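# Per-entry structural report
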Amino acid sequence: MTITTLSSREFNQDSSKAKHAAQSGPVIITDRGRPAHVLLTFADYKKLTAQPTRMTTLLAMSAAGDFEFDPPKSNDIAQAADFS
């Protein structure tokens, strides 16, 4: 991933350059030398705003592969809650 930085002036003069650069990674657009905006491809934006995946979905994925999982044994005994 390549991060490109352009000034607002550069962005205004050559927006196609910014769009092309966004194919390789985020484009930071500065205003008076300070980062003000970020240009992303729509696919990258969707990845950032996607809802978190549930653990059960991840474990059910066939691409996850096989792995050993041996959780530690717990000696804790559940007790009834005391609401008094």
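Our subject in this report is the structure included herewith. This one's a predicted model, so the numbers in the text were calculated from it and none came from an experiment. (Residues numbered from 1 in each chain as written. Predicted model: local features only at pLDDT ≥ 70, side-chain atom pairs only at ≥ 80, totals over all residues. Heavy atoms only, no water.)

A few words on the overall build of the protein. Of regular secondary structure, the protein possesses four helices and three strands. Along the chain direction, N to C, the helices and strands of the protein fall in the order β-α-α-β-β-α-α. On C-alpha atoms alone, the protein measures out to a radius of gyration of 24 Å, which is more than a quarter above the 12 Å that the 2.2 N^0.38 rule sets for 84 residues. Projected onto its principal axes, the C-alpha positions of the protein cover 70 × 45 × 20 Å. Evaluated residue by residue, the protein yields a buried proportion of 12% over its 84 residues. Sequence separation of at least 24 residues holds for 15% of the intrachain contacts in the protein that already meet a minimum separation of 6. Counting every atom, the protein has about 8000 Å² of accessible surface; 53% of that belongs to carbon and sulfur. If you average the places of the 9 positive and of the 9 negative side-chain charges in the protein, the two averages end up 17 Å apart. (Helix = DSSP H or I, 4+ residues; strand = E, 2+ residues; numbered from the N terminus. Rg over C-alpha atoms; globule rule 2.2 N^0.38 Å. Buried < 20%, exposed > 50% of the residue type's maximum accessible area, 1.4 Å probe, protein only. Contact = heavy atoms within 4.5 Å. Areas by Shrake-Rupley, 256 points an atom, 1.4 Å probe, with all protein chains shown as cover. Lys, Arg positive; Asp, Glu negative; His and termini not counted. Charge placed at Lys NZ, Arg CZ, Asp CG, Glu CD.)

In terms of burial, strand β3 (residues 34-39) is largely open, as just zero of its six residues are buried. Sheet topology places strand β2 (residues 27-31) next to β3; five bridges connect them, and they run antiparallel. Bridge pairing in β3 places T30 opposite P35. (Pairing = 2+ DSSP bridges.)

Formed by L6, A18, A21, A22, V27 and I29, the largest nonpolar core amounts to six residues. Of all the elements in the fold, those that place two or more residues in this core are α2 (15-22) and β2. For this core, the element with the most residues is α2, which contributes three residues. (Core = buried A, V, L, I, M, F, W, Y, C linked by side-chain atoms within 4.5 Å.)

Another aspect to go through is the side chain of T41. Mapped onto the elements, T41 comes out in the loop between β3 and α3 (42-49). Since its relative accessible area comes to 16%, T41 is described here as buried. Here the side chain of T41 touches D44 through a polar contact of 3.2 Å, landing on its backbone nitrogen. (Polar contact = N/O pair within 3.5 Å; in protein donor to acceptor, adjacent residues only side chain to side chain.)

This paragraph deals with the sheet that holds β3. Taken together, three strands build an open sheet; the order of strands is β1-β2-β3 and the sheet is mixed. Bordering the open sheet on either side are β1 (4-7) and β3, each of which pairs with just one other strand. Here the average twist between neighbouring strands, direction ignored, is 35°. Bridging between β1 and β2 involves four bridges; their strand directions are parallel. In the sheet register, T4 faces β2, and the bridge partner there is V27. (Axes fitted to C-alpha atoms, helices over the stretch in contact; angles between N-to-C directions.)

Our focus in this paragraph is the environment of P35. Within the secondary structure layout, P35 lies in strand β3. In contact with P35, other than residues within four places in its own chain, are I28, I29 and T30.

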